[in-house]
Every structure is written in C-alpha cells, then in structure tokens.
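The lines below spell out each chain.
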Amino acid sequence: MLTCNKSGDRMVVDAPNSNGPFPPLALMHFRDVAPAEQEKLFIQKLRQCCVLFDFLSDPLSDLKWKEVKRAALSEMVEYITHNRNVITEPIYPEVVHMFAVNMFRTLPPSSNPTGAEFDPEEDEPTLEAAWPHLQLVYEFFLRFLESPDFQPNTAKKYIDQKFVMQLLDLFDSEDPRERDFLKTTLHRIYGKFLGLRAYIRKQINNIFYRFIYETEHHNGIAELLEILGSIINGFALPLKEEHKIFLLKVLLPLHKVKSLSVYHPQLAYCVVQFLEKDSTLTEPVVMALLKYWPKTHSPKEVMFLNELEEILDVIEPSEFVKVQEPLFRQLAKCVSSPHFQVAERALYYWNNEYIMSLISDNAAKILPIMFPALYRNSKTHWNKTIHGLIYNALKLFMEMNQKLFDDCTQQFRAEKNKEKAKSKEREEAWIKIENLAKSSPQSCSNGDGCPFDRRCSEVKKDS
Amino acid sequence: MMVIVVRREVSGCLFTQGGSSLFQRGYSRLLSFAACRRRQNWKHEEVKRMRDLQAIDSLLLKELKSCCAKEYNFLPREAGLKLMESASTQNHNGVSAKCRDARVEELWGLTSFFGYSTQTFVQAVNLLDRFLTIMKAQPKHLPCIGVCCLHMASKMVEAESNVSPTHELIRISQSKFTVSDLCRMEKIISDKLSVEPKAVTALTFLHLYHSAFASLSAGREEIPSIGRLEAQLKACFCRLVFSKAKVRIVPGRQFLSIAAFMLSHGTHLSVVCLISQPSVLALSLIAHELPDALQSPAMLKIVQQFQRHLKISDSELLHWKELVAKCMTKYHSSECNKPDNKKLVWIVSRRTAQNLQANHFSVPGLPTIPEGSWDESESEDSCEDMSCGEDSPCGSLGSDGEGAFFPSVFPKCGK
C-alpha cells in the first residue's frame, strides 16, 4: 500500500490531520488545475485512493477521510467520462494498481448457511460493508475500460492473467451488486483483450468443475453464465470442438446441482443458444437432459420442463424425430405426476403451436406413448384443473387423426382387460393354493404356533 | 345390420312364412343363387351352411324382428334433415349440417374422455338428430342441446356411478351455460321426444349381426372386432348425411343369408355390418368395398339384384357410394390434421401462470461478443495454458475493433 505522495504541495488544500497512522490529504479539484498538471493530479488522486478504510469493525472511524476518498473517486469518474485524452500511458499502471488494492481481498467466510439450508430466494444476502467506496471503484474502472481512449495494447501489460484470476475469485462474493459489476467488468475485459479470452474461458471452466464436483457452492454461477451467454451468442460457425466439449462436459452437468434454481434461466439460455448455432447438438443435449431428469425434486422438474419447451421451440424437425420417443416417454411420466405443477406444466406444452405441429407430423409414433398416461389420468388424477387440461390434450389428439385415436383407445382397453384378467388369474391361483393347503391332511388349526410342529409330535406319539 | 324399415301397410306379413309374395320372391331368388353357385364349383359345405343358417338364427331373427318393428320410431324426421342440409352456416336461424357435425364430434370427444360406451354416444346422437329435426333450434343453443343429449343418454345407458355430474360435464366441455340451463333443456327434450328405454339404432343391429357372424364364420375368417366396427360406425355418424334414411324393404332373413354368402366370399365384415344403416347406405358400402373383395362376378350380380330388389336407382347408388368412400378414406387415412388449439381454453393454476410469465429470460443484459477467427492464435502469454489444441503462433494483435459496443472510431495504436 502506498502512502500518499506529498510532492506538489501546492495541490494540497487541507492540512494533515493526526487522525490516523497515515496522513491523508485532500487534493484540489481537477478544474482548478491547469491542463498540463492534470495528469500529475490524477495520479496523486489515484494513489490516494489506495488507502483503505475500515467499514466493518469500526464504521464510524475516519468519517471525514472516507468522505474525501469518496469524493475523489466520484470526481475521477466524472473526469474520465467527460474528458478526452486524459488516459495517458502513466495512468494505466496506477489505475490497475488502485483497483487491485481496493478489490482483491480475501472474501469473508459465508455467513449464510451453506448447502441445503440456504434458500437463495428467501435468505437475505450479506452485503459488503465497504460498498460506498467499492461501488465507486468499480464504476471508475468500468468507465476506464469503456473509455474511447482506452488502449488494450497498453493495458495488457497490466491487465494480465494474474489480474483476471483474482477478478474471477471475487465472483464468489455474496453481495449481488458487486457480482453485477464484476460481470460487466469481466465482460468488457473479455471483449477487449483477445489474448486473454482462452485463459478466461479455461478458468471459468475450472470454477464450474469445482462447483459441480467438489463444493456445490458458489455465488457467482449465474453471472458467469450470463457472460458466457453473450460469448456463445457470438460464436463463429462452424463451432469449434472446444466449445462443443464445453457444452457437453460443463453446461450439461450443471443441471445436476441442487441449487439449480439460482442460475437456471441463464443456463437454459446458454443451452438454447448453442442449439441455435448448431442443431446437430440437439440429440446429445436432449438425451443428457433426460438422463439428469430430476426424480424426486419437483420444482427442479418444472425448471427442466421450462428448458425443454424452450429447446423444442427452436428444434429442427429432423432432430425432433431422433429424440421424440424417449422425450415423450418422459413427458408421459410428467403428465402422470401427482405433483400438480409438474403435470400442469407438461400439459401446457399442448398450447404451443410449434410443438403441436411437430407432434402432428409424427403422431403415429407419439400418440401411442402419450395416450395411456393421458387417458388414465383423466380419471384418476386428484386435481380438477388437470382434468380440464387433459381434456384439451385429448381433444387435440382426436382432431389430429380419429382412427389413430380410436386404435389407441382400443389398445388401452385391451391392455386394461388383460391386466384385469391377469390379476384375476393371480387371485384364483392364490385361492387354489389356499384351498389345497386347507385340504391337506397336515393342516390343523391349533391356534398356537406352527401346526406342523404339533402334528409331528402327535405323529410320534401315535407311532 | 340392415334396419328394415317397414312401410306401415306391409309390416304385418313381412316375416310370416308363407305370407308375403315379397318374401317368396326373395326366397326363390335365394334358391336360384344357390343353384348358380353350385354350377360354379361351390363347395358343398357352403351350401349346407346356408341352409343351416335358418336353424342357427331363429333367436336372432326374433330379436331382429322386434327391433325392426321399433326402429321406425327412432328415426329423425326426413323433412327436418333436408332442412338442416340446406341451411348454411351463415344463416343464424337454423342449425346447419356443418354445425351438427361439429357438435357430434364434440360429443365424441366428451364420450371418449368420460369413458362412456359407444351405446351412449349413439343414443346421444340419435336424440340430437331427432330433436333438431323436430324443433327449429337456434345455433347458440346447440352446445347446450348437445351436452344435454349426452347427459340424458349416459343416464340411460351407463351405471349410475359412472355418470359424470352435470357441473363436471359443463366444466370439461368448456361450456358457457349453467347447470340450471341444462336441467331446463333436459325437460324440454324429454317433453318433445319420447325418451325412454334406449332407442333402437344401428348399433343394436351391429351387435346382433356381429354375434351372428362370429358364430357363422367361427375360426375361418378374421372378424374385425366389435370395437373396430363401432369406431367405424361412429365415424359415419359424424356426418349428418348418413342419418338420412331412405326407407326400403328387405326381409331380414334374406339379408342374413345374403350376408353370410358374401362373408364366405371374403367380403370385409365391417362392410356387411354397416348395412345396419338404412339399406341404401348398406348397398353403397358393399359396392364400395367390392373392388377389394371381388373374387367373382357373382358378387357383382348380388349387388345388382339387391339394387333391383330395393328399387335403388344407379345414380342414387353412385351418389351414396361416393359419400361412403369419402367417409371411409378420410377415416382410414394416416394423414394427421394440424390441430387448432385456439378454440380451447387453457386454465392453469396461479403458480404455474406466474412461472410461465416469469420465465422469459429472453434478452440478456450483456451485448454479444463476437468470436474472432484469430482469437486463439493471438495470445502471447497463455501458450502453455491453451485449452484447445491449436497452435498458437505468437504474433501481434490485430485490430480488435469488432462488435457493437466497440468504439467505431479507434485511435491508431502505437505511441
């Protein structure tokens, strides 16, 4: 940490105060200084902002100087936004250093319960105490990156892999505002520094792998996925093998994790973007989704159904044919689910025109799979809304092809009769056995213990 | 089965043994058939079977007799049918054929959903047709009439536990009228029609004949299941045109023998059984199926004789044949219509509705970052960390002025 530069006394406005171990100085405003001197002042202000203050254990300490820093940061934000050619080469290392000093810190241990107890929708996130300053630092750095004068060639000496790594570590912050800034910052860095792109992607992959297979805890998955969404959207065709592997090995296993609800919309977006880029990936994606289909977690099942519908909205008819049978077998199970939200969501697919047109093109294969589930549930499901939706689904099927529908009805009835006959057979077999047992000479109802034991002893007595 | 609709004057003597000249004429013709057949190397068994026919079917014939006698009461009025056919859908004064057909399809849907039997459906359609041909109903009342007929039919036919309660019926059919409306309509219909124990319809005869033919052709032929036949019958019912009954006379017994004859020569049984519709329909169905089943010119001869006997003109036969052909091809086609789900109402629970609305993560906040083709090769400091296997010649970065959010004016690099 640098101490403040005392050179250039004429820039000092206020006398040093002995309020702390270091002497902070209030510097002059940019507008009060000649343009030639502005760069020097800029650097001084940047170095001044490298002083850190305590917001956590002693929030009321150094209030005056906290305000000085805040004002300085605020002024610098304005300065680089509204002025051109102020970002000169000496500025770069100072800015990066200031950012690093303020930001790169070890995050406090999570105060929220981890694992199953933490409900991301219900529990309040722990907010960063030093936010008044951190916010301005982020704001400033972002303007710095986005400035028209910004030159990646110069900056790349300072914004390197180590910097990016430390930036990525911050994504685990519990403060959503911080994560939002980080997201935008990393997005700009990815866009401007082509040399860092592969490294960034690789490190993000590592974060995901650790999340899926080791910790199942990371607060920034949604933000990272949002960045990836914009990257995927920009992929050139034909897709590189690396990206396809990313989809299959990283994105799809992300569906397994318990806390899927936190980042599911972003994940679904990424997956759908991939399929829009390359439709040959449809089959592995859908099969993986079916493999990871939740069996006991109903809210997750509803999420999967949302995602599946989005995939079906963009699916190619030729790809649809490849996956239709396992897909509709799973849908048949969903429609029969006793959880009414799952059944409703599955039945709502019938309201989707594109899906219906796909179904009607392949009705001969699909209807026999769906029909038994629908028909059975029209009688047995406990929820009345579901009945109405099942009626709609059956009606649509009827309109598609009457003969097919009738054939399915016949088959259903035949199978039901077969089942009845079978269970009757079973009953009769049991009765037969019972009767045989009753008529057996060895059976006698003694009431206590095994009749055979008594019998044996009695036999012995007789003989 | 052919419903022999009898003109009142002749009803008495139709089935007596030696009475009607009609019968005698028919019977003698039958004998001539037999002779003709024999000359064409007919098997003896088949002749024998035909003679045995009378012995087997005495019970069946009795039932047929009683059904025939009642059947006339359950036909829709011809004048009413004509009116419906001529009415157009634009005209809001009367119910047109198209409206009626659409309504019957609705009833079919409801029947399937509630698991009612075909008998219920057939009864309901019968009630509907009879009511519509007597009363000039408004199209806006048609949904209520339809559902009411179905409800009445289900009460007649189904076991009490299986009859769905009225509010369920109304809710599922997405109708706009109330339970009290339904009750009032029920009263009106039962007043106007003699709604009592089940009407004798085509289905009755279908069952009678199916059991007859099952015993007749035991083991020798593939008899389509009664279920399939019922389905085909339902398909025909969905078109008003087939309710149009032309009244003709054919002795039931004679029909049976002719039918048995045709059966032994491979005519599709479904065709034969569909002769339960009035005879013109029947004959046209046979004629329609003939090209497939035709083994000998004798078949064609029978059709012609039938035609002559029933006094059906060629043009009429042709007309009906076309209609039947259209109906059956449409039914049997594997072509699937794209369903129209706009007519249906989709009611979901509040939670699901919220979920559906919230689920539109469509436009992300971050702009797209296009991938450059020289991306991977431009990295200078990550050569050993390459995640992809490409070579990475270290070179200077090219212009990175791509993408929407990059400044369009980029100052020259190099200081």
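Residues numbered from 1 in each chain as written. Chains lettered and ligands numbered in written order. Predicted model: local features only at pLDDT ≥ 70, side-chain atom pairs only at ≥ 80, totals over all residues. Heavy atoms only, no water.

Naming follows an unreviewed UniProt entry, where chain B appears as Putative cyclin-G2 of Scophthalmus maximus. Recorded in UniProt under Function (unreviewed entry), the annotation for chain B is "Essential for the control of the cell cycle at the G2/M (mitosis) transition." Under the heading Sequence similarities (unreviewed entry), UniProt records this for chain B: "Belongs to the cyclin family." (UniProt positions renumbered as here; feature names shortened; annotations may be inferred.)

In the nomenclature of an unreviewed UniProt entry, chain A is known as Serine/threonine protein phosphatase 2A regulatory subunit of Scophthalmus maximus.

**Student:** What is the right way to read the overall build of chain B from this model?
**Tutor:** Each helix and strand in chain B was counted, giving 17 helices and 0 strands. Counting over 415 residues, chain B shows a buried share of 51%. Taking as baseline every contact in chain B between residues at least 6 positions apart, the subset at least 24 positions apart corresponds to 77%. Accessible surface, chain B as shown: approximately 20400 Å² in total, 54% of it carbon and sulfur. (Helix = DSSP H or I, 4+ residues; strand = E, 2+ residues; numbered from the N terminus. Buried < 20%, exposed > 50% of the residue type's maximum accessible area, 1.4 Å probe, protein only. Contact = heavy atoms within 4.5 Å. Areas by Shrake-Rupley, 256 points an atom, 1.4 Å probe, with all protein chains shown as cover.)

**Student:** Sorry if this is basic, but what is going on with the state of the cysteines here?
**Tutor:** Tallied over the entire structure, the rule returns 0 disulfides over all chains. No disulfide involves cysteine 334 of chain A; its sulfur sits 20 Å from the nearest other cysteine sulfur, which is in cysteine 408 of chain A. (Disulfide = S-S within 2.5 Å.)

**Student:** Before we go on, may I ask you to explain the packing of helix H14 (residues 317–335) of chain A against helix H15 (residues 340–347) of chain A in this structure?
**Tutor:** A pair of packed helices can be characterised by two numbers: the angle between their axes and the separation between those axes. All names here are of chain A. The geometry of H14 relative to H15 is characterised by a closest axis approach of 7 Å and an angle of 135 degrees between their N-to-C directions. Judged on the interaxial angle alone, H15 and H14 are oblique. Contacts between H14 and H15 pair Leu331, Cys334 and Val335 from the former with Val342, Ala343, Ala346 and Leu347 from the latter. Residue composition of the contact of H14 with H15, by class: 7 nonpolar, no polar and no charged. (Axes fitted to C-alpha atoms, helices over the stretch in contact; angles between N-to-C directions. Parallel < 35°, antiparallel > 145°, perpendicular 65-115°, else oblique. Nonpolar A, V, L, I, M, F, W, Y, C, P; charged D, E, K, R; others polar.)

**Student:** What is the right way to read the UniProt feature "domain: Cyclin-like" (unreviewed entry) in chain B from this model?
**Tutor:** Taken from the UniProt record, the annotation "domain: Cyclin-like" (unreviewed entry) applies to residues 105–191 of chain B. In the segment residues 105–191 of chain B, helix accounts for 72% and strand for 0%; the C-alpha atoms at its two ends are 25 Å apart.

**Student:** How do you make sense of the confidence of the model for chain A when you look at a structure like this?
**Tutor:** Should pLDDT be low for a region, the predicted coordinates there are not to be read in detail. Residue and element names in this part refer to chain A. For chain A, per-residue confidence averages 86 on the pLDDT scale, and residues scoring 70 or more make up 87% of the total. Mean pLDDT values over the elements of chain A span from 53, in helix H20 (residues 451–462), up to 96, in helix H12 (residues 282–291). Counted against residues more than four places away or in other chains, residues 1–23, with its pLDDT under 50, gives 39 contacts. (pLDDT = per-residue confidence, 0-100.)

**Student:** Please clarify how the pattern of salt bridges should be interpreted in this entry.
**Tutor:** Oppositely charged side chains may form a pair once their charged atoms are brought near each other. Residues and elements named next belong to chain A. Under the counting rule described, the total for this entry stands at 26 salt bridges over all chains. Arginine 47 serves as the salt-bridge partner of glutamate 94, at 2.8 Å between the closest nitrogen and oxygen. With glutamate 94 in helix H3 (residues 91–103) and arginine 47 in helix H1 (residues 35–48), the pair connects residues that are 47 residues apart, well separated along the chain. Residue aspartate 180 is joined to lysine 183 by a salt bridge in which the shortest nitrogen-to-oxygen separation is 3.3 Å. You can see aspartate 180 and its partner lysine 183 sitting in helix H7 (residues 176–192), 3 residues apart, about one turn around the helix. Given the relative accessible area of 39%, aspartate 180 is considered partly exposed. Connected via shared salt-bridge partners are Arg105, Glu128 and Glu178. (Salt bridge = Lys/Arg side-chain N within 4 Å of Asp/Glu carboxyl O.)

**Student:** Mind showing me how you'd approach a positive patch on the surface here?
**Tutor:** Residue and element names in this part refer to chain A. Judged by side-chain charge, Lys379, Arg413, Lys416 and Lys420 come together as a positively charged surface patch. In terms of residue count, helix H19 (residues 402–439) provides more of the positive patch than any other element does, 3 residues in total. Following the sequence through the fold, lysine 416 ends up in helix H19. (Patch = residues over 30% accessible without salt bridge, like charges linked within 9 Å, V, L, I, M, F, W, Y side chains within 5 Å. Lys, Arg positive; Asp, Glu negative; His and termini not counted. Charge placed at Lys NZ, Arg CZ, Asp CG, Glu CD.)

**Student:** Teacher, can you tell me more about the packing of aromatic side chains here?
**Tutor:** For any pair of aromatic rings, the description consists of the separation of the ring centres together with the inter-plane angle of the planes. All names here are of chain A. Applying the stated criterion across every chain yields a total of 35 aromatic pairs over all chains. Considering the side-chain rings of phenylalanine 104 and phenylalanine 163, the 5.2 Å spacing of their centres and the 70 degrees angle between planes classify their relative orientation as edge-to-face. Of this pair, phenylalanine 104 sits in the loop between H3 and helix H4 (131–146) while phenylalanine 163 is found in helix H6 (residues 161–169), placing the two residues 59 residues apart along the sequence. Per residue, the accessibility class of phenylalanine 104 equals that of phenylalanine 163, and both read buried. Positioned over the ring face of phenylalanine 30 is lysine 45, at 5.4 Å from the centre of the ring. Over the face of the ring belonging to phenylalanine 55 we find lysine 66, whose NZ or CZ atom lies 4.4 Å from the ring centre. (Phe/Tyr/Trp six-rings, centres within 6.5 Å; stacked < 30°, edge-to-face > 60°. Lys NZ or Arg CZ within 6 Å of the ring centre and 35° of its normal.)

**Student:** Can you help me understand H14 of chain A in this one?
**Tutor:** Side chains that are three or four residues apart share a direction in an α-helix, a result of its 3.6 residues per turn. Residues and elements named next belong to chain A. For H14, built from 19 residues, the straight-helix expectation of 27 Å at 1.5 Å per residue is missed by more than 12%, its first-to-last C-alpha distance being only 23 Å. The axis of H14 is deflected most strongly, by about 60 degrees, at glutamine 324, and proline proline 326 appears within four residues downstream. Listed in full, the buried residues belonging to H14 are Glu319, Phe320, Val323, Gln324, Leu327, Phe328, Gln330, Leu331, Ala332, Cys334 and Val335. (Expected span 1.5 Å × (residues − 1). Bend = angle between axes of the 7 residues up to and from the residue.)

**Student:** Explain the environment of serine 154 of chain B here, please?
**Tutor:** Residues and elements named next belong to chain B. Structurally, serine 154 can be placed in helix H7 (residues 142–157). Placed 27 residues apart in sequence, serine 154 and leucine 127 show a C-alpha to C-alpha distance of 12 Å. In contact with serine 154, not counting residues within four places along its chain, are Tyr116, Thr120 and Val163. A polar contact is formed between the side chain of serine 154 and the backbone oxygen of histidine 151, at a distance of 2.7 Å. (Polar contact = N/O pair within 3.5 Å; in protein donor to acceptor, adjacent residues only side chain to side chain.)

**Student:** Help me understand H1 of chain A in this model?
**Tutor:** Residues and elements named next belong to chain A. Over its 14 residues, H1 extends 20 Å from the first C-alpha to the last, a length consistent with the 20 Å expected when each residue adds 1.5 Å. Residues of H1 that are buried: Gln38, Leu41, Phe42, Ile43, Gln44, Lys45, Leu46 and Gln48. The inward-facing, buried residues of H1 abut helix H2 (63–82), H3 and H4.

**Student:** So what exactly am I meant to see when it comes to unusual backbone geometry here?
**Tutor:** Residues apart from glycine generally show negative phi values, whereas peptide bonds are mostly found in trans. A cis amide bond links leucine 237 of chain A to the next residue, proline 238 of chain A, at an omega of 0 degrees. In this fold, proline 238 of chain A is placed in the loop between helix H9 (221–233) and helix H10 (241–251). Its identity is not glycine, yet aspartate 62 of chain A carries a phi of approximately 50 degrees, on the positive side. By the element assignment, aspartate 62 of chain A lies in the loop between H1 and H2. Not every positive phi belongs to a glycine, and glutamine 174 of chain B is a case in point at roughly 55 degrees. Within the secondary structure layout, glutamine 174 of chain B lies in the loop between helix H8 (166–172) and helix H9 (179–192).

**Student:** How do you make sense of the packing of helix H11 (residues 260–277) of chain A against helix H13 (residues 298–314) of chain A when you look at a structure like this?
**Tutor:** All names here are of chain A. The contact between H11 and H13 brings their axes to 10 Å, and the two run at 20 degrees. Taken together, the axes of H11 and H13 are roughly parallel relative to one another. As H11 runs across H13, the sense of the crossing is right-handed. Contacts between H11 and H13 involve Leu260, Ser261, His264, Ala268, Val271, Val272, Leu275 and Glu276 from the first element and Lys300, Met303, Phe304, Glu307, Glu310, Ile311 and Val314 from the second. Classifying every residue of the contact of H11 with H13 by side-chain character gives 9 nonpolar, 2 polar and 4 charged. (Left-handed = near helix turned anticlockwise from the far one by under 90°.)

**Student:** I keep staring at the side chain of histidine 387 of chain A and nothing clicks. Help me out?
**Tutor:** Residue position: histidine 387 of chain A is located in helix H18 (residues 384–400). A distance of 3.0 Å separates the side chain of histidine 387 of chain A from the backbone oxygen of histidine 381 of chain A, its partner in a polar contact. Dropping the residues within four chain positions of it, histidine 387 of chain A is found in contact with Asn377, Ser378, Lys379 and His381 of chain A together with Phe113, Glu168, Arg171 and Ile172 of chain B.

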